[in-house]
Amino acid sequence: MVSTTVCQSCAMPLAKSADHGAEADGTRNEEFCAHCYQGGSYTDPNLTLDQMVEIVARFMQKSGDEATRAAREGLVDLKRWR
Ligand SMILES: [Zn+2]
């Protein structure tokens, strides 16, 4: 059984090969998505967890506090934010 892999930075599901980030040599990165990780490093290395929570909450298109809480819950256990 294969569990669904999610980006270890933003929690986006990595369903397709194109969803994955890339290493500096062009090979596929297994842990991060194409939005978060390109060319072997984070696309925004200075991003904080709080900023990522805001981005993800906005993406979920729910109202304020509820979305923020849900986003944070989904993000805190990810490798990038531990
Ligand atoms: Zn990501």
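Per chain, residue numbering runs from 1 following the sequence as it is written. Given that the model is predicted, a residue must reach a pLDDT of at least 70 before its local features are reported, and side-chain atom pairs must reach 80 or more before they are shown or counted; all residues, however, enter totals for whole chains, interfaces and linings. The side-chain figures draw on all heavy atoms in the structure; neither hydrogens nor water molecules are used.

A. Inspection of helix H1 (residues 49–60) at higher detail. Only DSSP runs of H or I with at least four residues qualify as helices, and only runs of E with at least two residues qualify as strands; both kinds are numbered from the N terminus onward. By this rule, a helix spans an expected 1.5 Å times one less than how many residues it contains. Under the 1.5 Å per step criterion, the end-to-end length of H1 is 16 Å for twelve residues, consistent within 8% with the ideal 16 Å. Within H1 the residues assigned to the buried category are Leu49, Met52, Val53, Val56 and Ala57. Seen end-on, H1 carries its buried residues on one side only, within an arc spanning 135°. Residues of H1 that are exposed and point over 90 degrees away from its buried face: Glu54 and Arg58. A contact between two residues is defined here by any heavy atoms of the two lying within 4.5 Å. Residues of H1 that are buried make contact with helix H2 (64–75). Downstream of H1 by one or two residues, Gln61 has phi in the positive range, about 55°. Each residue gets one of three labels from its accessible area relative to the maximum for its type: buried under 20%, exposed over 50%, partly exposed in between, using a 1.4 Å probe on protein chains only. Working definition: the arc comes from the directions between the helix axis and the C-beta atoms, pointing outward to the latter.

B. Molecular detail of the pattern of salt bridges. Every case where a carboxyl oxygen of Asp or Glu lies within 4 Å of a side-chain nitrogen of Lys or Arg is listed as a salt bridge. The final tally for this structure, using the stated rule, is five salt bridges. Residues Arg28 and Glu30 are paired through a salt bridge, measuring 3.1 Å at the closest nitrogen-oxygen approach. A residue is classified by how much of its surface remains accessible, and Arg28, at 40% relative accessible area, is partly exposed.

C. Structural detail: the packing of H1 against H2. Here, axes are lines fitted to C-alpha atoms. For helices the fit covers the stretch in contact, and angles between N-to-C directions go from 0 to 180 degrees. Contact geometry for H1 and H2: axes closest at 8 Å, N-to-C directions at 120°. The angle between H1 and H2 places the two elements in the oblique class. In the crossing of H1 with H2, the sense of the turn from one axis to the other is right-handed. Only Ala67, Thr68, Ala70, Ala71, Arg72 and Leu75 of H2 make contact with H1, whose side of the interface consists of Leu49, Asp50, Met52, Val53, Val56, Ala57 and Met60. The residue makeup of the contact of H1 with H2, split by class, is ten nonpolar, one polar and two charged. Convention used here: angles under 35 degrees read as roughly parallel, angles over 145 as roughly antiparallel, angles from 65 to 115 as roughly perpendicular, and any remaining angle as oblique. Crossings are assigned a handedness: left-handed for a near helix turned anticlockwise from the far helix by less than a right angle, right-handed for a clockwise turn. Under the scheme applied here, ten amino acids are nonpolar (Ala, Val, Leu, Ile, Met, Phe, Trp, Tyr, Cys and Pro), four are charged (Asp, Glu, Lys and Arg), and all others, including Gly, are polar.

This is a description of form; function is not addressed.
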